[in-house]
Amino acid sequence: TNGRWKLSEDPNDRKDGLWVWGLFAEPLYPFMLIQLETEEYALPGSENDAITPLTLYAQINHKRDKDTGEVELEAASLNLREVESINADPFGVAKVDIFEEVKVGQLSLRPLLESPSTALL
């Protein structure tokens, strides 16, 4: 499997961008965007059925607790993108890909707890 993540402003509503806040304080990136690529998964049985490789997407709300400074990640929908290519002009010369996200699950991330050996140090 393969994947990537980045902290970002809302990819669907960029407006003027949150980068301006970086001039005054720690930049505010309220979302963690995750993309996971899976491998083919063979299903049990004699039919040789399999789930084809998928690319899954999630947009997780990312914020820092003002009192403790701890990072908080909310649960998010895990989505597939159904892509459709359409003609952008009447002659069919230019094409554009549009996608619709289809929810296939939910993703929750939790921080690792300190191991007992490091907690004693």
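Structure: above.
Let us look at the structure shown here. (Residues numbered from 1 in each chain as written. Predicted model: local features only at pLDDT ≥ 70, side-chain atom pairs only at ≥ 80, totals over all residues. Heavy atoms only, no water.)

A few points about the overall build of the chain
Secondary structure assignment for the chain yields one helix and eight strands. Relative to its full complement of 121 residues, the chain shows a buried share of 14%. Contacts in the chain between residues at least 24 apart in sequence constitute 44% of all its contacts with a sequence separation of at least 6. For the chain, the accessible area works out to roughly 10100 Å², and carbon and sulfur atoms hold 54% of it. (Helix = DSSP H or I, 4+ residues; strand = E, 2+ residues; numbered from the N terminus. Buried < 20%, exposed > 50% of the residue type's maximum accessible area, 1.4 Å probe, protein only. Contact = heavy atoms within 4.5 Å. Areas by Shrake-Rupley, 256 points an atom, 1.4 Å probe, with all protein chains shown as cover.)

Thoughts on the pattern of salt bridges
Summed over the entire model, instances satisfying the criterion amount to one salt bridge. A salt bridge links E101 to R81; the nearest nitrogen and oxygen atoms lie 2.8 Å apart. With E101 in strand β8 (residues 95–107) and R81 in strand β7 (residues 76–87), the pair connects residues that are 20 residues apart, well separated along the chain. A relative accessible area of 34% means that R81 is categorised as partly exposed. (Salt bridge = Lys/Arg side-chain N within 4 Å of Asp/Glu carboxyl O.)

Describing the side chain of N79
Turning to its location among the elements, N79 is positioned in strand β7. Once you skip the residues sitting within four places of it in the chain, N79 turns out to touch T55, L56, Y57, E101, V102, K103 and V104.

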